[in-house]
Amino acid sequence: MTHRPSSGLSKALLHAVELFSSKRAAKPVDLSDRKVIVTGSTPGSIGYQVARTLAAWGADVAVTCPRDSAAAREALLRDLRDAGQRTNGLEARRLDLADAGSVADFAAWYRETSGGCLDVLINNAGILRDVLWRWRERRVSADGFEIHWRTNYLGTFHLTRLLLPMLLESGRRSGDARVINVSSHQHDKGSNDRLFAPPDRLDSWTAYGQSKLALIHHAFELHRRYAADGNLRSAALHPGSAYSNMTFGWQDEPRWLRRTKRLVTPLAPLILLTPEQAAQTTIHCATDPHLEGGHYHERCARAEPIPDARDEAASRRLWEEADRWFRSLGQE
């Protein structure tokens, strides 16, 4: 088990080790008859590569995209056909995690489509806005939450809560259900103090880190609550720093940045992981038969999050507060 220092220099050194050392890869597993959801699977993303691999290994996979899910499905079908892989059992659906109605519609659609069966939920979808610190005011969702918190954490909690009965049923039947939360090493920008304090004017990077810390709490609390009763293994992970559509798909970017990106894109593989490489830890957590739930992972192995993430009282309180919000939606 390793400890991750929080300094920027330490992150840079660890990324260099990850980039230039041999890449760890998830070991292939027969996933026949396993039903999996991968949120945030737009072509060019880490989630897309996760879905592509799991489908190639035999799983029935449902993917989500915030906008054009049909494009994601067609791209996946084309990739799988070109590789000589099975293409049945692949579905796609639009999902906006910041919209309670969209989350409820997706859960209802999946319940009907899958016959009420779900073995693995991979909470990969998320946002990072205002990478260049250009916003001058706090951005909130339609229902009044800071946008990173609403999308990355509350939306994920909402979706997981709606799908939880199916996961527990599958876990009791098969002995192995899983929820995998894709967090980030940027969770070290968060703190437990801010989880329960009045909202402040966080910059987008800190807000993003706060939401990613909450996802680790969520994974750990899920495991504590349901591992014994529902055979549910839950884990969180950092996929690695990758060149993906999330990393460089910035909104409202200035013209000079678009031009700069065109110049540096060919150099990206020299300094960042590819989405396929970054997908390996997620795939590992979703499929490794020996995975221990209730832990944080990097490079296909257990790692150590910041100490705040191991505060069980904070995890429990955060769960209870989010659950009260969930119940107020009346969507159980």
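Here we summarise the structure given alongside this text.

## Considering helix α5 (residues 147-174)
Stage number 1. At L163, α5 is deflected by roughly 50 degrees, the largest bend along its length, and proline P165 occurs up to four residues later in sequence.
Stage number 2. When you tally the buried positions in α5, you get 23 out of 28 residues, the bulk of the element.
Stage number 3. Positive backbone phi, approximately 85 degrees, marks G175, located one or two places after α5.

## Topic: the environment of L95
Stage number 1. Examined against the element boundaries, L95 turns out to sit in the loop between β3 (90-94) and α4 (100-114).
Stage number 2. On the basis of relative accessibility, which here comes to 5%, the residue L95 falls in the buried class.
Stage number 3. Taking the C-alpha atoms as reference, L95 lies 9.4 Å from A125; in sequence the two are 30 residues apart.
Stage number 4. Ignoring any residue separated from it by four or fewer positions in sequence, one finds L95 in contact with T39, T64, C65, P66, S102, V103, F106 and L159.

## Details of the packing of helix α7 (residues 204-230) against helix α13 (residues 312-328)
Helix packing for two helices is described by the angle between their axes and how far apart those axes are.
Stage number 1. At their nearest, the axes of α7 and α13 sit 9 Å apart, and the two run at 90 degrees to each other. As summarised for this structure, α7 and α13 are arranged roughly perpendicular, according to the angle between their axes. Across the interface between the two elements, A214, H217, H218, E221, L222, R224, R225 and Y226 from α7 touch E312, A314, S315, R316, L318, W319 and E320 from α13.
Stage number 2. Class assignment for the residues of the contact of α7 with α13 results in six nonpolar, three polar and six charged.

## Focus: the pattern of salt bridges
Stage number 1. Counted by the stated rule, this structure contains 16 salt bridges.
Stage number 2. When the shortest N-O distance is used, the salt bridge between D176 and R178 registers 3.0 Å.
Stage number 3. You can call D176 buried: its relative accessible area is 15%.
Stage number 4. A relative accessible area of 1% places R178 in the buried class.
Stage number 5. Between R310 and E304 there is a salt bridge, with its nearest N and O atoms 3.6 Å apart.
Stage number 6. Judged by relative accessible area, R310 falls into the partly exposed class, the value being 31%.
Stage number 7. Salt bridges linked by common partners bring R34, D119, D176, R178 and R233 together as one network.

## Notes on the packing of α5 against α13
Stage number 1. At a minimum axis distance of 10 Å, the contact between α5 and α13 shows a crossing angle of 75 degrees. Judged by the angle between their axes, α5 and α13 are roughly perpendicular. Counting all contacts with α5, which are made through W149, R150, Y153, L154, F157, H158, R161 and L162, the residues of α13 involved are L318, W319, A322, D323, W325, F326 and R327.
Stage number 2. Of the residues contributing to the contact of α5 with α13, the split by class is ten nonpolar, one polar and four charged.

## What about the packing of aromatic side chains?
Remark: the centre distance and the inter-plane angle together describe each pair of aromatic rings, the angle taken between the planes.
Stage number 1. This model, assessed by the stated rule, comprises nine aromatic pairs.
Stage number 2. Ring centres of F145 and W325 lie 6.2 Å apart, and the angle between their planes is 85 degrees; this geometry places the pair in the edge-to-face category. Within this pair, whereas F145 is found in the loop between β4 (120-123) and α5, its partner W325 is found in helix α13, the two being separated by 180 residues in sequence.
Stage number 3. For W325, a relative accessible area of 13% corresponds to the buried category.
Stage number 4. For the ring pair F157 and W319, a centre distance of 5.0 Å and an interplane angle of 70 degrees mean the geometry is edge-to-face. Linking F157 in helix α5 with W319 in helix α13, this pair joins segments that are 162 residues apart in sequence.
Stage number 5. Members of the aromatic cluster, connected to one another through ring pairs, are W149, Y153, F157, Y226 and W319.
Stage number 6. Above the plane of the ring of F196 lies R317, whose end atom (NZ or CZ) is 3.9 Å from the centre.

## Quick notes on unusual backbone geometry
Excluding glycine, a negative phi dihedral is what most residues carry, and trans is how most peptide bonds are arranged.
Stage number 1. With a phi close to 75 degrees, D33 is a non-glycine residue in the positive phi region.
Stage number 2. For D33, the position within the fold is in the loop between α1 (8-20) and β1 (35-38).
Stage number 3. In the Ramachandran plot, N231 falls in the positive-phi region, its phi being about 50 degrees despite a non-glycine side chain.
Stage number 4. Looking at the element boundaries, N231 is found in the loop between α7 and β6 (232-238).
Stage number 5. Under the relative-accessibility criterion, N231 is labelled partly exposed at 29%.

## Here's the deal with the pairing of β6
Stage number 1. Among the seven residues of β6, seven are classified as buried, and the element is accordingly described as predominantly covered.
Stage number 2. Here β6 shows a buried face lined by L232, S234, A236 and H238 and a second buried face lined by R233, A235 and L237.
Stage number 3. Pairing analysis gives six bridges linking strand β5 (residues 177-182) to β6, with the strands arranged parallel. From the neighbouring strand, R178 faces β6, where its bridge partner is R233.
Stage number 4. One ladder, built from three bridges, connects β6 with strand β7 (residues 296-298); its direction is parallel. Residue pairing in the sheet places A236 in a bridge with Y296 of β7.

Quick notes on the rules
Residues numbered from 1 in each chain as written. Predicted model: local features only at pLDDT ≥ 70, side-chain atom pairs only at ≥ 80, totals over all residues. Heavy atoms only, no water. Bend = angle between axes of the 7 residues up to and from the residue. Helix = DSSP H or I, 4+ residues; strand = E, 2+ residues; numbered from the N terminus. Buried < 20%, exposed > 50% of the residue type's maximum accessible area, 1.4 Å probe, protein only. Contact = heavy atoms within 4.5 Å. Axes fitted to C-alpha atoms, helices over the stretch in contact; angles between N-to-C directions. Parallel < 35°, antiparallel > 145°, perpendicular 65-115°, else oblique. Nonpolar A, V, L, I, M, F, W, Y, C, P; charged D, E, K, R; others polar. Salt bridge = Lys/Arg side-chain N within 4 Å of Asp/Glu carboxyl O. Phe/Tyr/Trp six-rings, centres within 6.5 Å; stacked < 30°, edge-to-face > 60°. Lys NZ or Arg CZ within 6 Å of the ring centre and 35° of its normal. Pairing = 2+ DSSP bridges.

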